[in-house]
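Coordinate analysis (summary)
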Amino acid sequence: MTRSLWKCYNLKIYKCSPEKSASFFSKVTYSWFSRIIILGYKKPLEREDLFELNESDSPYIVCPIFEKQWRKEVLRNQDRPNIEASFHKETHTRKPSLLSALWNTFKSSLIQVVLFKMFADILSFTSPIIMKKMIIFCEHSSDSGWTGYGYAVALFAVDFSQTLILQQYQRFSLLTSAKIKTAVTGLIYKKALLLSNVSHKKFSTGEIINLMSTDAQQLMDVTANLSILWSAPFQILMAIFLLWQELGPAVLAGVAVLLFVIPINVLVAIRVKKLKKNQTKNKDKQIKLLKEILHGIKILKLYAWEPAYKNKIIKIRDQELEFQKSATYLAVCSMLTLTCIPFLVSLATFGVYFSLDEGNILTATKAFTSMSLFNILRIPLFELPTVISAVVQTRISLCRLEDFLNSEELSPQNIERNYIGDHAIGFTNASFSWDKTGIPVLKDLNMKIPEGALVAIVGQVGSGKSSVLSAILGEMQKLTGVVQRKGSVAYVSQQAWIQNCILQENILFGSIMQKQFYERILEACALLPDLEQLPNGDQTEIGERGVNISGGQKQRVSLARAVYSGADIYLLDDPLSAVDVHVGKQLFEKVIGSSGLLKNKTRILVTHNLTLLPHMDLIVVMESGRVAQMGTYQELLSKTKNLNNFLQVFSEQEEGPALKQVSVINSRNILKDRILEQEDRTFKVGMSHFTFGWPWVWLIVATYLGRNLVSIGQNLWLSAWAKEAKHLNDFTEWKQIRSNKLNIYGLLGLIQGLFVCSGAYVLTRGSLTASRTLYAQLLSNVLHLPLQYFETNPIGQIINRFTKDMFIIDVRFHYYLRIWLNYTLDIVGTVLVIMGAFPLFIVGIIPLVLLYFTIQRYYIASSRQIRRLSGASRSPVISHFSETLLGVSTIRAFGHEQRFIQQNREVVNENLVCFYNNVISNRWLSVRLEFLGNLMLFFTALLAVLAGNSIDSAIVGLSISYALNITQSLNFWVRKACEIETNAVSIERVCEYEDMDKEAPWIMSRRPPLQWPNKGVVEFINFQARYRDDLGLALQDITFQTHGEEKIGIVGRTGAGKSTLSNSLFRIVERSGGKIIIDGIDITTIGLHDLRGRLNIIPQDPVLFSGTLQMNLDPLDKYSDGELWEVLELCHLKEFVQSLPKKLLHEISEGGENLSVGQRQLICLARALLRKTKILVLDEATASIDFETDNLVQNTIRKEFSDCTILTIAHRLHSIIDSDRVLVLDSGRIIEFGAPQHLIHQKGLFFRMITEAGMTKDLGTKDQLL
């Protein structure tokens, strides 16, 4: 099944990789990939230009195989306790091992990697042996010339063979590690769809995403370097063995130095890891806070809280940079040991070698063979501690992954899904909690819901209405009783979950298109007028979390999705709370009610709209998690007097709340990540932003140049030493000079170490200073962006700047810059040394240099495109995972887990295709550059043979040892140049926010009086506003004036401009004409914070931040606990907060998820009561609470804000019917403005709205209106 799926996907759009059909030579040299390199040089590469993965590397094959092994591991560990119990009294349960499952899945690939690495390591030691033969040949000119040519050819053949084998090792190693990451990612995704509520509390959304993005990546990184664990000791032992052949027991002195230095490196690595761990915690805190700020940016702007939250982030950032600075300085120590190890080992070895026997002379053969072996030692000695440290860190990641993969899943026993009986849903003595040990949320439920019934669940905020739906879905932990459900389910959550795809796909939700049925649903769900507003109709792409559609539109799309599914049971969690009165009426009549599309289906509707109750077949009244009453409308009215009073409270209420205004902003396209997709970013552009200051630049260059000059001087000194020793006549002379030679050799090594430390310190200090400045500028620029930017751009794009791009600037950029600078100077130094020895070398180097830069041009052009595509393909993996975690209840309700798993594999496959092409492009480059290096080595050896007696063997040894190193240097130089160019884009991405349009200044030179506004008079004069220059006016010729302490109701149909009016008052939307004057001051003449800080608003969307309840009420710590308790009492939350164990210090989860929507809205009211000002705006502030609480809130507002001017955007018409005056908007213009009773007598638009709401019969007299 999986193979056929993969083939269909493969044949659908993309071409297969020609790797399998390529010849052996083409495979080992990666010549089959040349067509992509050439194509990328000619034009920008697109996704369809890339080669598809080999079938065995595809997630469609890898994931099912690994999941099978993981299931075996789980079953094996489930059976183990039973087996152990039969032999032992005590059993120790062992968790299923992720490592064991990975080994069983990928062992053949890992063994293949080991074999390639072993052959490459053996060949690496062959070159110094051949070089030794070459030096001996040059010392004995009587040998046949053909022998020398044979050595030159052998040196070239061995080095080129090592190149080919090493590149195969790199290819298999990287692709195997990528497959491991793919397998683990797929398992994490599948597990996330099965998590219970206990596990969801244990693992937040951010933590689960971190498992995929960080821990799985850590596993991939360590797997790619895993062979070093055995390869490094093998290379060290081989080097020591060969050194023993040259220098005898003296090599033990070098081993002693190694044994002394390696633990230092290990300790440094452990300390760095600890610092990194603390740094990661700080980064997690920083990103969590940043995400919440960006999601709640409107609240921050309305309340002028940006500086406070900016300071919080900067404080965390400073702590992170302190850890980064300490870690970098420790890394400098590690780098010093890496640079000095060959020198210290050689110094100790040579010193002991001389002291063991006065007759020991340092010849060219011994000196340069030893130095080549010491150079080989350097890399494994550096890599081994790093990999050991990484393995330790990976063990932590493995534990985290295993904890998650072994966490509790939803129990299938929570509900009986395959019930066959008379009723659709049945509860028998059922109690539920959100976890097994928790307090019951629902208690003793007993109800039977017949098939085809329309059932209403009503009750106050927090009574357990939504929990009943969760219990039916199987989302809650059943403690006692029986729950039965018959047939399939469709679910509409209270907060609509919308996917980042076109609107049509949101409705179809994986189902086949049935055109007529689809159009009937669009009409019934009142979506046709919205499709006319959207730029591409139902083909309009909906942004993350539905950012470009209103709350009402989201809810209707969610309802349309449920209807289209054709399920047997419909669970509707208050879908009418976010829609307009007449829209709500249409939805009930044409979709939910007895004559709607769902008339023959079982429908369970949670609602606060009690006027719908007479239309219900069954009503369930919830109170404190229990069923207080149940029956038909008439039965309940006749059964209990209390219920009659309960319902009578709302007998004068209208039918429902209004829709959040759909402004012209909805027609805007979601902006793509243009910064990412632009490909003409260059190294120069990025570097222009990343300026250390010229003194720093010259200091960096001077220190690195000094280091390389000293290194060359050290080797020249060694060459001169060997040359001089060769011509000494007796041992007495040698004995006299060797101490001086050794001392100077040691001094040069010490100076080199000082230059290394100085260069690394200067570069680190300069880069951290630049990082701190860039981050502060980025944060400031983002917070100054207008709100429209956040509504039309993915939040993930902005977070990417603070995470991925700043990580590159903090860590990678200066690391790559340092490496590139080192290799640049190494290559120049190597060429100069060889040319000094063999002037004819310039004849061979010129064509090689031309060929080198040609290869570089082709590679960098193509590599940049592939990296761009790879970067673009990473975001959908994270976005799809985040989106799934937000909508996991909806996905499970619809039973679409397998479809989403398949979608996850598709986006992962896209990313893997780019990764595969990137890996092959790097191998293509490495083979060619190392081949050029091999040619340079061959040419050097050839010149040495041709020179014969005319050149000293010490010079030959020096030249060949340098030529042996240039192969790797050339490869790394191009790779690091490409990395720098690629990473410089991150600097420009960060700096690009500097040039974006900003809001007006927060503070201006003109400041309003401290008591302003003291009257609350608001005056609009010929005011006009639009959301963007290329769009029409959202408000036109608005002119009106309020009196002090006047209550103004603002009403209008969808898109009338109500929210635009309030946004204009806060300058969220700037004027296009006219002006707004508050208490005699034109609001455009003062700073935004002076304006917003003196106004008050209770917004529709109740935004809370993770942290304590106290912090959410008073983030600036301006008020006492007594004042907080006072406002909680006024908001009818005091009793609830007092019941919490930590009271005001109760932890609010991310987004306030551990509170009901109504409770969140009441907390927002409490904020407004604390921040009491002369002008208050109510923007549909009670849309999410029940009518009884709404009445209490309205009374609180009337009492506490009696001396304030209140502008109320109508959500329920009863809330503005007692206003002093009502402002009626339509199409951005004022249609009516006057006292409500006067407007009703006029029988205009306001009268028609009252009539549609069914309020005219209840508001017939003037006294009632007043």
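Let me begin by describing the structure that accompanies this report. Here the structure is a predicted model, which means the values were calculated and not measured. (Residues numbered from 1 in each chain as written. Predicted model: local features only at pLDDT ≥ 70, side-chain atom pairs only at ≥ 80, totals over all residues. Heavy atoms only, no water.)

Section: the overall build of the protein chain
Just so we agree on the cut-off: Counting from the N terminus, the helices are the DSSP runs of H or I reaching at least four residues and the strands are the DSSP runs of E reaching at least two. The contact definition used throughout considers only heavy atoms, calling two residues in contact when any of these lie within 4.5 Å. The Shrake-Rupley method, run with a 1.4 Å probe sphere, supplies the accessible areas, and residue values consider only the shown protein chains as cover.
When its secondary structure is counted, the protein chain shows 42 helices and 21 strands. In the protein chain, 83% of the contacts between residues at least 6 apart in sequence involve partners at least 24 apart. A total of about 51,100 Å² of accessible surface is found on the protein chain, and carbon and sulfur atoms cover 57% of it.

Looking at the state of the cysteines
Applied cut-off: Disulfides are defined as cysteine sulfur pairs within 2.5 Å. Residue exposure (1.4 Å probe, protein chains only): buried if accessible area is under 20% of the type maximum, exposed if over 50%, otherwise partly exposed.
Inspection of the entire model under this criterion finds zero disulfides. In this structure C1164 is a free cysteine whose sulfur lies 9.8 Å from that of C1131, the closest cysteine sulfur available. What makes C1164 buried here is its relative accessible area of 1%.

What to know about the sheet that holds strand β1 (residues 423-433)
What counts here: Strands pair, by our definition, only if DSSP identifies at least two bridges between them. Working convention: axes come from line fits to C-alpha atoms, limited for helices to the stretch in contact. Angles between N-to-C directions cover 0 to 180 degrees.
Taken in spatial order, the three strands of this open sheet run β2-β1-β4, and their pairing is antiparallel. Strands at the two margins of the open sheet, each flanked by one partner only, are β2 (442-450) and β4 (477-485). Adjacent strand axes in the sheet meet at a mean angle of 0° when their direction is disregarded. Pairing between β1 and β2: six bridges, direction antiparallel.

With respect to the packing of aromatic side chains
Each aromatic ring pair is specified by the distance between its two centres and by the angle formed by the two planes. Under the convention used in this document: By convention, a stacked pair of Phe, Tyr or Trp rings (six-membered ring in the case of Trp) has centres within 6.5 Å and planes under 30 degrees apart, an edge-to-face pair has planes over 60 apart, and any other such pair is tilted. A positively charged side chain is recorded as over a ring if its NZ (Lys) or CZ (Arg) lies within 6 Å of the ring centre. The angle to the ring normal must also be within 35 degrees.
Taken as a whole and assessed by the stated rule, the structure comprises 33 aromatic pairs. Connected via pairs of aromatic rings, a cluster forms that spans F156, F160, F931 and F938. The residue whose ring lies beneath R561 is F509, and the NZ or CZ to ring-centre distance is 5.2 Å.

With respect to the sheet that holds strand β9 (residues 626-631)
Read across the sheet, six strands follow the order β5-β6-β7-β3-β8-β9 without closing on themselves; strand pairing throughout is mixed. Two strands in the sheet have a free side with no partner beyond their single neighbour: β5 (489-492) and β9. The average angle at which neighbouring strand axes cross in this sheet is 15°, direction not considered. One ladder, built from five bridges, connects strand β6 (residues 569-573) with strand β7 (residues 602-606); its direction is parallel. From the neighbouring strand, L572 faces β7, where its bridge partner is L605. Across the sheet, helix α15 (residues 465-473) touches β3 (454-458), β5, β6, β7 and β8 (618-623), and the angle it forms with β6 is around 150°. Of the strands in this sheet, β5 and β6 are in contact with helix α19 (residues 551-564), which crosses β5 at around 175°.

Topic: a nonpolar patch on the surface
Just so we agree on the cut-off: By definition, no residue in a patch forms a salt bridge, and every one has over 30% relative accessible area; like charges are joined within 9 Å, nonpolar side chains (Val, Leu, Ile, Met, Phe, Trp, Tyr) within 5 Å. Salt bridge criterion: a side-chain nitrogen from Lys or Arg within 4 Å of a carboxyl oxygen from Asp or Glu.
A cluster of nonpolar side chains, W103, I111, L115, M118, F119 and I122, forms an exposed patch at the surface whose accessible area comes to about 580 Å². Relative to the helices and strands, I111 is located in helix α5 (residues 98-124).

Examining the pattern of salt bridges
Overall, the coordinates contain 36 salt bridges when judged by the stated rule. Where D805 meets R801, a salt bridge forms, and the shortest distance between an N and an O atom there is 2.9 Å. A residue pair is termed a helical-turn pair when its members lie 3 or 4 positions apart in one helix, as D805 and R801 do in helix α28 (residues 795-837) at four residues. Each member of the pair, D805 as well as R801, carries the same accessibility label: buried. The partner of R989 in a salt bridge is D805, with the nearest N and O atoms 3.1 Å apart. Pair noted here: R989 is in helix α32 (residues 953-992) and D805 is in helix α28, with a separation of 184 residues, a long-range link. By relative accessible area, which is 8% here, R989 ends up buried. Through salt bridges with shared partners, a single ionic network connects K301, E306, E999 and R1092.

Points about the side chain of K976
Among the secondary structure elements, K976 is positioned in helix α32. Setting aside anything within four residues of it in sequence, one finds K976 in contact with Y816, I819 and W820.

With respect to the nonpolar core
The nonpolar side chains of a soluble globular protein tend to be buried, and buried together. As a reminder, the rule being used: Throughout this description, the term nonpolar core refers to a set of buried Ala, Val, Leu, Ile, Met, Phe, Trp, Tyr and Cys residues connected via side-chain atoms within 4.5 Å.
By size, the foremost hydrophobic cluster in this structure holds 195 residues, and its most contacted members are F33, I208, F404, I507, M616 and F838. If you tally residues by element for this core, the top one is helix α31 (residues 897-947), at 22 residues. Beyond its immediate chain neighbours, meaning those up to four positions away, F404 contacts I188, K191, A192, L195, F203, I208 and L211. Counting 88 residues, the second-largest nonpolar core is a separate cluster that includes Y816, I1086, F1105 and L1223.

Observations regarding the environment of T363
One can find T363 in the loop between α13 (306-356) and α14 (364-405). T363 sits 356 residues away from S719 along the chain, and the two C-alpha atoms are 9.1 Å apart.

Let's talk about the side chain of R1167
As a reminder, the rule being used: The positive count covers Lys and Arg only, the negative count covers Asp and Glu only, and His and the chain ends enter neither.
With respect to the helices, strands and loops of the structure, R1167 is situated in helix α38 (residues 1157-1170). Buried charged residue R1167 carries no salt bridge. Nearest counter-charge: E292, at 9.1 Å. Residues within four places of R1167 in sequence aside, it is in contact with I299, Y303, W305, V1103, L1104, F1105, N1112 and L1113.

Looking at the environment of K478
Here is the rule we go by: Within 3.5 Å is the distance limit for a polar contact, defined as a pair of N or O atoms, with the added protein rule that one can donate a hydrogen and the other accept it, and that residues adjacent in sequence qualify only through two side-chain atoms.
Within the secondary structure, K478 sits in strand β4. Note on K478: relative accessible area 23%, which makes it partly exposed. Each C-alpha atom, one on K478 and one on P440, is 9.2 Å from the other, the two residues being 38 residues apart in sequence. In contact with K478, other than residues within four places in its own chain, are Q413, N414, S431, F432 and V483. Within the local environment of K478, its side chain forms a polar contact with the backbone oxygen of G481, the two atoms lying 3.4 Å apart.

Comments concerning the packing of helix α36 (residues 1121-1130) against α38
Any two packed helices are characterised by how steeply their axes cross, that is the angle between the axes, and by the distance between the axes. To be explicit about the condition: We call two directions roughly parallel when the angle between them is under 35 degrees, roughly antiparallel when it is over 145, roughly perpendicular when it lies between 65 and 115, and oblique otherwise. Left-handed is the label given to a crossing in which the near helix is rotated counterclockwise from the far helix by less than a right angle, and right-handed is the label when the rotation is clockwise. Side-chain classes are defined by residue name, with Ala, Val, Leu, Ile, Met, Phe, Trp, Tyr, Cys and Pro counting as nonpolar, Asp, Glu, Lys and Arg as charged, and the others, Gly among them, as polar.
At a closest axis distance of 9 Å, the pairing of α36 and α38 adopts a crossing angle of 125°. Between α36 and α38, the angle falls in the class oblique. Remark: the crossing between α36 and α38 carries right-handed chirality. Mapping the contact onto sequence places E1123, L1124, V1127 and L1130 in α36 and A1166, L1169 and L1170 in α38. Looking at the contact of α36 with α38 residue by residue, the classes come out as six nonpolar, no polar and one charged.

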